[in-house]
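Here are the chains, one letter per residue:
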Amino acid sequence: MAKFPAITLEERALRQRHVDGARANVGLSGFKPDEATEERARRYIEGEITLQELVDPRHESGGKPGVPAPSLKREDAGR
C-alpha cells in the first residue's frame, strides 16, 4: 500500500467541505458525479491526491492517453 503525506485534520475537514460544496452545486444542476469521480473525491479528502489530480485525472496518470475525463450523470436520466 502506498504511503501518502499526512494531512492535518483541519486540511481534511476543509477538503471535505470543498467536495460537499461541489456535490451540492452539481446536484442543483440536476447532475450526479459518477463512481470514478466519487472515488477521486474520497482520495482527495484523505490526502492521497492533490486538487489538480482530482479535477484532471490525466495529471494523476502522468498524462497517459485513454484516461477518461470526470463524468456527470443526469439525475433524471432514464425517466
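Residues numbered from 1 in each chain as written. Predicted model: local features only at pLDDT ≥ 70, side-chain atom pairs only at ≥ 80, totals over all residues. Heavy atoms only, no water.

1. Here's the deal with the overall build of the protein chain
Now for step 1: Secondary structure summary: the protein chain contains 4 helices and 2 strands in total.
Now for step 2: Ordered by position from N to C terminus, the α and β elements of the protein chain give α-β-α-α-α-β.
Now for step 3: Within the protein chain, the fraction of its 79 residues that count as buried is 22%.
Now for step 4: Looking at the protein chain alone, contacts between residues at least 24 apart form 54% of all its contacts between residues at least 6 apart.
Now for step 5: Accessible surface for the protein chain amounts to roughly 5,900 Å². Of this, 56% is attributable to carbon and sulfur atoms. (Helix = DSSP H or I, 4+ residues; strand = E, 2+ residues; numbered from the N terminus. Buried < 20%, exposed > 50% of the residue type's maximum accessible area, 1.4 Å probe, protein only. Contact = heavy atoms within 4.5 Å. Areas by Shrake-Rupley, 256 points an atom, 1.4 Å probe, with all protein chains shown as cover.)

2. Focus: the nonpolar core
Now for step 1: Listed in full, the 6 residues of the largest apolar core are Val-19, Ala-41, Tyr-44, Ile-45, Ile-49 and Leu-54.
Now for step 2: The greatest single-element share of this core, amounting to 3 residues, is contributed by helix α2 (residues 35-46).
Now for step 3: Residues within four places of Ile-45 in sequence aside, it is in contact with Ile-7, Arg-12, Arg-15, Gln-16 and Val-19. (Core = buried A, V, L, I, M, F, W, Y, C linked by side-chain atoms within 4.5 Å.)

3. Observations regarding the packing of helix α1 (residues 9-28) against α2
Now for step 1: It is the contact of α1 with α2, at a shortest axis distance of 8 Å, that shows an interaxial angle of 155 degrees. Judged by the angle between their axes, α1 and α2 are roughly antiparallel. The segment α1 lies against α2, with Arg-12, Arg-15, Gln-16, His-18, Val-19 and Arg-23 engaging Glu-38, Ala-41, Tyr-44, Ile-45 and Glu-46. (Axes fitted to C-alpha atoms, helices over the stretch in contact; angles between N-to-C directions. Parallel < 35°, antiparallel > 145°, perpendicular 65-115°, else oblique.)

4. Quick word on α2
An α-helix turns once per 3.6 residues; consequently, residues spaced three or four apart project the same way.
Now for step 1: Between its first and last C-alpha, α2 extends 17 Å over 12 residues, near the 16 Å set by a 1.5 Å rise per residue.
Now for step 2: Along α2, the residues classified as buried are Thr-37, Arg-40, Ala-41, Arg-43, Tyr-44 and Ile-45.
Now for step 3: Gly-47 sits one or two residues past α2 and shows a positive phi near 90 degrees. (Expected span 1.5 Å × (residues − 1).)

5. Here we look at the pattern of salt bridges
Now for step 1: Taken as a whole and judged by the stated rule, the model has 7 salt bridges.
Now for step 2: The salt bridge partner of Asp-20 is Arg-23, with a shortest N-O separation of 3.2 Å. A residue pair is termed a helical-turn pair when its members lie 3 or 4 positions apart in one helix, as Asp-20 and Arg-23 do in helix α1 at 3 residues.
Now for step 3: Relative accessible area serves as the criterion here: at 37%, Asp-20 is assigned to the partly exposed category.
Now for step 4: Residue Arg-23 is classed as partly exposed on the basis of its relative accessible area of 31%.
Now for step 5: Across the salt bridge formed by Glu-48 and Arg-42, the nearest N and O atoms sit 3.6 Å from each other.
Now for step 6: Among the residues examined, Glu-48 registers a relative accessible area of 22% and is labelled partly exposed.
Now for step 7: A relative accessible area of 34% means that Arg-42 is categorised as partly exposed.
Now for step 8: One salt-bridge network, in which partners are shared between bridges, spans Glu-39, Arg-42, Arg-43 and Glu-48. (Salt bridge = Lys/Arg side-chain N within 4 Å of Asp/Glu carboxyl O.)

Remember, this is a structural readout, not a statement about activity or role.
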